[in-house]
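Summary of the model geometry
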Amino acid sequence: MEGDNTENIQQIYSWNLLPDILKPVLPCEYTYLIQKLDILLPYQTQENFKVENFELDAFVDVCNKEEASGWVAAFESHSKTTMPESKSFKLTGNRVLFRDIHIRLERRKLIHTHPLEINIKFTHNHVINSAESLSFRRIKDEVKEKFIELFKDGHSPSSALIAHEDELHINATNDQELLEILSDRANNPDYNSVFHLFQKYRDTVLGSRNGSQMFIRLGSIVKDYNNSGQGKAALQEYDACNGKAFILCIVASLMCRVHKKIPQAGELYYMDTSASFEQLNTSITLLYTSCAVGALPLRMFITSDELETTLEKAIGLLKTILPEYAFFGCGPLVGPVICLTDDSSAERKALELCWPKGVRLLCTFHVLQAFWRWLHDPKHKIKKEDQASIMEKVKKILYASSSLEMDTHYCEFAQTFYYFYQLLRKHFEILWGGRQFWAHSFRVGLPIRGNHTNNYIERSFGILKDIIFTRTQAYNCVQVFQFVVENMERFYERRLLGIAHKHPGHLRIAKHFLCPGWEGMDANFINETGVRNEFSVQSTRKDDLFYIVNSEIGTCTCPVGVSGAPCKHQGAVAMKYHIAILNFIPLLTPQDRMVYAYVALGYVSKDNSSSLPDNVFDETIEWRESNKEIIEIDYTALTTFLEEVKADYQSDNPQLRTALDKFADRYRSAKSKSIPRLTSFLYDINRDLDPAARVKSDSMIRVQVESVKRRKTESSGSRKRKLPNTIREEKENLDPHVIPARKKRVTAKKSHDLSMHIAKNQPN
């Protein structure tokens, strides 16, 4: 119903001069030519709120279709309303350029200052700016784009919504603004809207969860990846009719650079398999090597099962995409010298067929763990009081340093226990037949660098699940592929660059890579042998025993370093002669660190294969030198101090002379690394004397015992989680490309502290 306030006017208004009833509605970035304004009777709600209503005919200073669309968006955002299209108009000819709701832009009116005609009937029977009304608004396009980016990072609808709301909460300037933003569906959509947006994204980007449509999408992504130059991938689609398993092999560009630049890639690699990365429970098999910076990936493949024929085919596909210089020049057909795995017969047989020249070794921990579980199995009838004794004898056999010592321990073991336990005799005779795979006496001279377990790859799977997948199952194999080639490569880039940049926060590596124990060596008994890169080091236990250290390949003839593991003799040689040995992080030269930078990025300034000029670093240094301020330095104080030190050194105090000699050695050692390292050394000399400098963090805060007991762990007795309806329905699908979902083994997590369980005589 119209009121008495009807105005027929022809006047141009800027926003600040508009009638008060129009300011909450019309966008403020425009000017308006008002033709007619009818102020209607306000609507009175049951809660006694007054809602202003009006009808408006006006023109806006908008001259093209894009600006008209922008005005509509600004109008909806400013007025907190969504104006639906009331009638569909068919545009014929070229007279009308834009028409939406009650808005029209005609070509013949473009000569006017305000050609966009608007007709608004602003009548509402509810409060516009209430939380309930705002919950019906249309979601903004930029908000949809934010959610798409969150989905690309691996978020589910619920986690994406939580992350978005957290961002809104942080960016809000006050509580009132926060309340308005959270209640506005245009900025903060509801879960159902986010879920539907996720479904649309998932179908477009990832394809279906299983079947032909998934493989069509996966094939397209693999093709694009191979053409991008970022790496190589090989795909075999699952086909139940022809008996083909699903295989996806990946060799990323960073993996290729590990093959090319890391010497350990040709010596030793670890292989292990894990599952539960997505609903179909396909298996991911990792092949890693290790060096001073930790474990680095060589290649990986995803398979629908873990059968020997499937693994053999997967390794065969890997050979086709590996570079010619794979395994540090050994080549994809020869493979590395040593492979370390757990006791999986399918993996070991596949490796034997594909790389027959390689030496296959078993992980020491898994061998001992399996034997300890066998001893505690009640059906084997081993007395509890004998279990620990049997285990100690087996450990002596396993850790024996020579064949003669191993045979001696074996004879003692057989004479002590074989008569009482026939099942033990039968079981251990089978193990004894394959002792070349697990006994340490057979590993003397092999370049295993002290690695007898596959802990590196066990930890790598933890990184893959915790960091790369953020403990969230992927939607399908397409998303698994995306996580691996994007998130995984970024993670190892950052790790390598942290070492290359000498950031101390990245030195979270095994202690023996940080060169401990060298200070106990007497530098006077370390001499060059006359052979290049070889040094003679006296033993700390026997004066007539000397070990030979080869600094080039990082080996020592002592029991620890004979396999290439870092030892104190190598550390002492490196410290005395200020040379780099690849087994120690603190001794890396700038050239070594540039190698790690090349592995991370694919280019460095002084690498022949670099895409950057060779003189980038040199030019940078010259620029810095040329821009240094010329400062007159007064050497008087330093000269006086050095004269004082010289006088103290010439005094009759032998302890002081020894301390100054030690200071000189440490000064030269720190200077050989870098000037910043020397500066830090000089600043920290009095650290032991300054009580404030001795403050350090204590042990970690312990969790109360009762809180640990309350944690829920998934065990064999727990209820299995049901598969989604889509997977259950696929069992009846006739699509031969549908991968059958494999059953998950629901078992409790086993402890990795075997020594503790042996000491307590309890099963692991």
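Here the structure is a predicted model, which is why all the values come from computation and not from measurement.

With that out of the way, let us pick up the overall build of the chain. Helix and strand content of the chain: 26 helices and 17 strands. The proportion of buried residues among the 764 residues of the chain is 42%. Put simply, of all contacts in the chain between residues at least 6 apart along the chain, 61% involve residues at least 24 apart. A total of about 43800 Å² of accessible surface is found on the chain, and carbon and sulfur atoms cover 52% of it.

Moving on: the confidence of the model for the chain. Predicted confidence across the chain gives a mean pLDDT of 80, with 81% of residues reaching 70 or more. For the chain, helix 20 (residues 616-626) is the element with the lowest average pLDDT, namely 38, and strand 8 (residues 247-252) is the one with the highest, namely 96. Counted against residues more than four places away or in other chains, residues 606-631, with its pLDDT under 50, gives 19 contacts. Predicted confidence is poor over residues 726-731, with pLDDT under 50, and the contacts of this stretch with residues over four places away or in other chains come to eight contacts.

Spatial ordering of the open sheet is given by 7-8-11-10-9-12-13, a layout of seven strands whose pairing is mixed. Both edges of this open sheet fall to strand 7 (231-236) and strand 13 (359-362), since each of them pairs with a single strand only. Along the sheet, successive strands turn relative to each other by an average axial angle of 20°, direction set aside. Where strand 8 meets strand 11 (residues 294-303), four bridges bridge the pair, whose relative direction is antiparallel. The residue bridging Ile247 from the neighbouring strand is Thr303, located in strand 11.

Moving on, we come to the sheet that holds strand 16 (residues 546-550). Strand order in the open sheet formed by four strands is 14-15-16-17, and the pairing between neighbours is antiparallel. Two strands bound the open sheet, and with one partner strand each, they are strand 14 (526-528) and strand 17 (555-556). In this structure, strand 14 lies alongside strand 15 (residues 534-538), joined through three bridges in antiparallel fashion. Pairing of Asn527 across the sheet is with Ser536, part of strand 15. Sheet contacts for helix 18 (residues 568-577): strand 14, strand 15, strand 16 and strand 17; angle to strand 14, the most-contacted strand, approximately 70°.

Under the definition given, this model contains four cavities of 30 Å³ or more. Each pocket or cavity is described by its volume, and for the largest cavity that value is around 100 Å³. Taken together, 14 residues make up the lining of the largest cavity; nearest its centre are Gln264, Ser290, Cys291, Arg449 and Asn451. By residue number, the principal contributor to the lining of the largest cavity is strand 10 (residues 283-291), which donates three residues.

Applying the stated criterion to the full structure yields six salt bridges. A salt bridge links Arg449 to Glu267; its shortest N-O distance comes to 2.9 Å. Taken as a pair, Arg449 in the loop between helix 15 (435-438) and helix 16 (455-468) and Glu267 in the loop between helix 8 (253-261) and strand 9 (268-274) lie far apart in primary sequence, 182 residues in all. Both residues of the pair, Arg449 and Glu267, belong to the buried class. Between Lys393 and Glu412 there is a salt bridge, with the nearest N and O atoms lying 3.5 Å from each other.

What follows is about the packing of aromatic side chains. If you walk through the whole model with that rule in mind, you get 29 aromatic pairs. On the numbers, 6.0 Å between centres and 75° between planes, the contact of Tyr269 with Trp355 is edge-to-face. Residue Tyr269 is located in strand 9, and its partner Trp355 is located in the loop between helix 10 (345-354) and strand 13; the two are separated by 86 residues in the primary sequence. As far as burial versus exposure is concerned, Tyr269 and Trp355 are alike and both buried. Ring geometry for Phe413 versus Phe428: centroids 4.8 Å apart, planes at 50°, classification tilted. Of the two residues, Phe413 is situated in helix 13 (residues 403-417) and Phe428 in helix 14 (residues 422-433); the sequence distance between them amounts to 15 residues. One exposure class covers both Phe413 and Phe428, and it is buried. The rings of Phe371, Trp374, Tyr410, Phe413, Phe417, Tyr418, Phe428, Trp432 and Trp438 are connected pair by pair, giving a single aromatic cluster. Over the aromatic face of Tyr598 sits the side chain of Lys261, whose NZ or CZ is 5.4 Å from the ring centroid.

Calculation rules
Residues numbered from 1 in each chain as written. Predicted model: local features only at pLDDT ≥ 70, side-chain atom pairs only at ≥ 80, totals over all residues. Heavy atoms only, no water. Helix = DSSP H or I, 4+ residues; strand = E, 2+ residues; numbered from the N terminus. Buried < 20%, exposed > 50% of the residue type's maximum accessible area, 1.4 Å probe, protein only. Contact = heavy atoms within 4.5 Å. Areas by Shrake-Rupley, 256 points an atom, 1.4 Å probe, with all protein chains shown as cover. pLDDT = per-residue confidence, 0-100. Pairing = 2+ DSSP bridges. Axes fitted to C-alpha atoms, helices over the stretch in contact; angles between N-to-C directions. 1 Å grid on protein atoms, 1.4 Å probe; cavity = no way out; pocket = protein on both sides within 12 Å on 5 of 7 lines; lining within 4 Å. Points joined across faces, edges and corners; volume = space filled by probe spheres on them. Salt bridge = Lys/Arg side-chain N within 4 Å of Asp/Glu carboxyl O. Phe/Tyr/Trp six-rings, centres within 6.5 Å; stacked < 30°, edge-to-face > 60°. Lys NZ or Arg CZ within 6 Å of the ring centre and 35° of its normal.

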